Amino acid sequence: LARNPGETEFHQAARELLDSLGPVVARHPEYTDAAIIRRVCEPERQIIFRVPWVDDAGQVQLNRGFRVEFNSALGPYKGGLRFHPSVYLGIVKFLGFEQIFKNALTGMPIGGGKGGSDFDPKGRSDAEIMRFCQSFMTELYRHIGEYTDVPAGDIGVGGREIGYLFGQYKRITNRYESGVLTGKGIGWGGSLVRTEATGYGTVYFANEILKARKSSFAGKTVVVSGSGNVAIYAAEKAAELGATVVACSDSSGYVVDEKGLDLDLLKEVKEVRRERLSAYAEARESARFVATGTGSSGSSGSPAGSVWDVPCDIALPCATQNELDGDHALALVRNGCTVVAEGANMPCTPAAVKVFADAGVAFAPGKAANAGGVATSALEMQQNASRDSWTFAHTEARLEEIMVGIHDRCLATADAYGAPGNYVAGANIAGFIQVADAMLALGVI
Ligand code: NDP
């Protein structure tokens, strides 16, 4: 930790992994001999760069760009780009670190990396977004490539941004290298199901948990947080499986809609009009918007409460890191929630995870439950490499198969290492062993 002062989120993610590894180290002294844990915590390469761009008023703006190429033992670095004002090295490193083990769990040949910028896309015009993306790629292009490092989207980076980034990469390199970025548009190298994959995958994972408990989504009440890419498609799949999704949120507050979210309206507000969530409630009689005004989905102490005060059977946090704390978790448990699956990366604080464990709530960590996004990105890379495109049904079937596989592998590994039913231990141990064995095989590099 002393090597990386101030990188709070990275410390949290590293501790969370290391906490599970006691029995692994005891059984595998060769990992200690080869300093695998110390090496896996040190990124192979970290790039930080200046991103200057000109806004619509003609003013020069300046942001900072990051790409952390964390581990390539299993394949080219793979992980998204995040554009959000909170982005700094500690966040990019936490996300890149998680990505290593998540990608290993998918069983696909991809290493771990992550990047982004402290650029705030909110309120920026299309032309400003394009100029920013072009400037960002003007530096990033020299570090990436289909055999090197393959970025994708994350918070603040969706299909529009990937388009501008890909356009600039193509222009600078004079190569139509489809496999250099994933999350591309369907007409130009993208894969069907990529947009839906993370949210759908999270629900598939939760569905496996329910099945193992002889239960299902049918008739259940679900709360998701966030209302972006992951949240919308988690809500869609949960509703398709027969649940009623009664609430979602954004950084200004949350919506409660007892009749169940109208997903066409939600997509129209968030994806097409790019408006705040309050616009959803204005357009729908059965919905009410609760402003929290805290920059998060709400805190337990505030009079407005939080989205986690809305009673549910299943909670799917799909917004951002550390959005669900110990008090939120207690509220969920009090209201009868029995399953929590993380669509976002590290949305539950360690205190929340402990509350769930103590209360017997089934808890699926993001590195397992949200791996469907990156798995489908790897399917996009496969289609690009073979110059092919698969149908929606075929790609979705592959996604479901991968998620069921991850679920079963987590459970089997948890069992084998003396922590039956513990998805956190199962995911951490299974992901780590796969990476550690590859690192051992590749020698001290
Ligand atoms: P989007 O930008 O599409 O949506 C993010 C959503 O979360 C928005 O509704 C946003 O609200 C909300 N949000 C962001 N920051 C905060 C905050 N501080 N407090 C409250 N709400 C917040 O991003 P994604 O849906 O792609 O990503 C969501 C999460 O899922 C992230 O943790 C990401 O790392 C993770 N993830 C994403 C994958 C993907 O394929 N996209 C893959 C795997 C994980 P607002 O608009 O008000 O900011």
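Here the structure is shown first, and the text comes after it.
Owing to the predicted nature of the structure, the values given are computational and were not obtained by experimental measurement. (Residues numbered from 1 in each chain as written. Predicted model: local features only at pLDDT ≥ 70, side-chain atom pairs only at ≥ 80, totals over all residues. Heavy atoms only, no water.)

A. Local environment of the overall build of the chain. Of regular secondary structure, the chain possesses 17 helices and twelve strands. Here the C-alpha atoms of the chain give a radius of gyration of 21 Å, agreeing with the 22 Å that 2.2 N^0.38 yields for 445 residues. Taking the principal axes of its C-alpha atoms as reference, the chain extends roughly 60 × 50 × 45 Å. Across the 445 residues that make up the chain, the buried fraction comes to 58%. Look at the contacts in the chain between residues 6 or more apart in sequence, and 71% of them connect residues 24 or more apart. As presented, the chain carries roughly 17300 Å² of accessible surface, and 52% of it is formed by carbon and sulfur atoms. (Helix = DSSP H or I, 4+ residues; strand = E, 2+ residues; numbered from the N terminus. Rg over C-alpha atoms; globule rule 2.2 N^0.38 Å. Buried < 20%, exposed > 50% of the residue type's maximum accessible area, 1.4 Å probe, protein only. Contact = heavy atoms within 4.5 Å. Areas by Shrake-Rupley, 256 points an atom, 1.4 Å probe, with all protein chains shown as cover.)

B. Seen up close, the nonpolar core. Residues Phe-205, Phe-217, Val-222, Leu-261, Tyr-280, Leu-316 and Ile-406 are the most contacted members of the largest nonpolar core, which totals 61 residues. Among the elements that take part in this core, helix 8 (residues 194–212) stands out by supplying eight residues, more than any other. Setting aside anything within four residues of it in sequence, one finds Phe-205 in contact with Ala-364, Ala-368, Ala-369, Met-403, Ile-406, His-407 and Tyr-423. In terms of nonpolar packing, the next biggest core, distinct from the first, is built from 37 residues, Phe-94, Leu-95, Phe-101 and Ile-433 among them. (Core = buried A, V, L, I, M, F, W, Y, C linked by side-chain atoms within 4.5 Å.)

C. Summary view of the sheet that holds strand 9 (residues 287–291). With respect to topology, seven strands assemble into an open sheet ordered 9-8-7-6-10-11-12, the strand pairing being mixed. Unpaired on one side and paired on the other, strand 9 and strand 12 (362–364) mark the two borders of the sheet. Neighbour-to-neighbour, the strand axes of the sheet open up by a mean angle of 15 degrees, direction not taken into account. Across three bridges, the pairing between strand 6 (residues 221–225) and strand 7 (residues 244–250) is parallel. If you follow Val-222 over to strand 7, its bridge partner there is Val-245. (Pairing = 2+ DSSP bridges. Axes fitted to C-alpha atoms, helices over the stretch in contact; angles between N-to-C directions.)

D. Region of interest: the pattern of salt bridges. Taken as a whole and judged by the stated rule, the model has 26 salt bridges. For Glu-16, the salt bridge goes to Lys-367, with nearest N and O atoms at 3.0 Å. Note that Glu-16 is positioned in helix 1 (residues 8–18) and Lys-367 in helix 14 (residues 366–369), a separation of 351 residues in sequence. For Glu-16, a relative accessible area of 26% gives the class partly exposed. Among the ionic pairs, Arg-276 bridges to Asp-250, the shortest N-O distance being 3.3 Å. With Arg-276 in the loop between helix 10 (263–272) and helix 11 (278–282) and Asp-250 in strand 7, the pair connects residues that are 26 residues apart, well separated along the chain. Classification of Arg-276 as partly exposed rests on a relative accessible area of 32%. Overall, Asp-250 belongs to the buried group, its relative accessible area being 9%. Three or more residues are tied together by salt bridges with common partners; here these are Glu-16, Glu-98 and Lys-367. (Salt bridge = Lys/Arg side-chain N within 4 Å of Asp/Glu carboxyl O.)

E. Geometry of the site of the ligand. In the vicinity of the ligand there are 27 residues, among which Asp-154, Thr-198, Ser-251, Arg-276 and Asn-345 approach most closely. Within the backbone of Ser-227, one N or O atom sits 2.8 Å away from an oxygen atom of the ligand. Between the ligand and Ser-251 there is a distance of 2.5 Å, counted from an oxygen atom to a side-chain nitrogen or oxygen. Mapped by element, the contributors of at least two residues to the shell around the ligand are helix 8, helix 9 (229–240) and strand 7. Of the residues that constitute the shell around the ligand, the class distribution is five nonpolar, 16 polar and six charged. (Near = heavy atom within 4 Å. Polar contact = N/O pair within 3.5 Å; in protein donor to acceptor, adjacent residues only side chain to side chain. Nonpolar A, V, L, I, M, F, W, Y, C, P; charged D, E, K, R; others polar.)

F. Up close: the pairing of strand 5 (residues 149–152). Residues Asp-149 and Pro-151 point to one face of strand 5 and Val-150 and Ala-152 to the other, with burial holding for every one of them. Bridge count between strand 3 (residues 77–83) and strand 5: four bridges; the pairing is parallel. By the bridge assignment, Tyr-77 is partnered in strand 5 with Asp-149.

G. Examining the environment of Asn-384 more closely. Considering the arrangement of structural elements, one finds Asn-384 in helix 15 (residues 372–385). Look at Asn-384 and you get buried, because its relative accessible area is 14%. Through-space distance from the C-alpha of Asn-384 to that of His-328 is 43 Å; in sequence the pair is 56 residues apart. Excluding residues that lie within four positions of it along the chain, Asn-384 makes contacts with Ser-178, Gly-179, Lys-184 and Gly-189. Among the polar contacts made by the side chain of Asn-384, one reaches the main-chain carbonyl oxygen of Gly-189 at a distance of 2.9 Å.

H. Highlighting the pairing of strand 4 (residues 112–117). By the criterion of burial, strand 4 is predominantly enclosed, with six of the six residues buried. Alternating residues of strand 4 divide into Gly-112, Lys-114 and Gly-116 and Gly-113, Gly-115 and Ser-117, and every residue in both groups is buried. Here strand 2 (residues 60–71) pairs with strand 4 via six bridges, running antiparallel. Paired with Phe-66 across the strands is Gly-116, a residue of strand 4. Examined bridge by bridge, strand 3 and strand 4 share three bridges and lie parallel to one another. Within the sheet, the bridge partner assigned to Leu-81 lies in strand 4 and is Gly-115.

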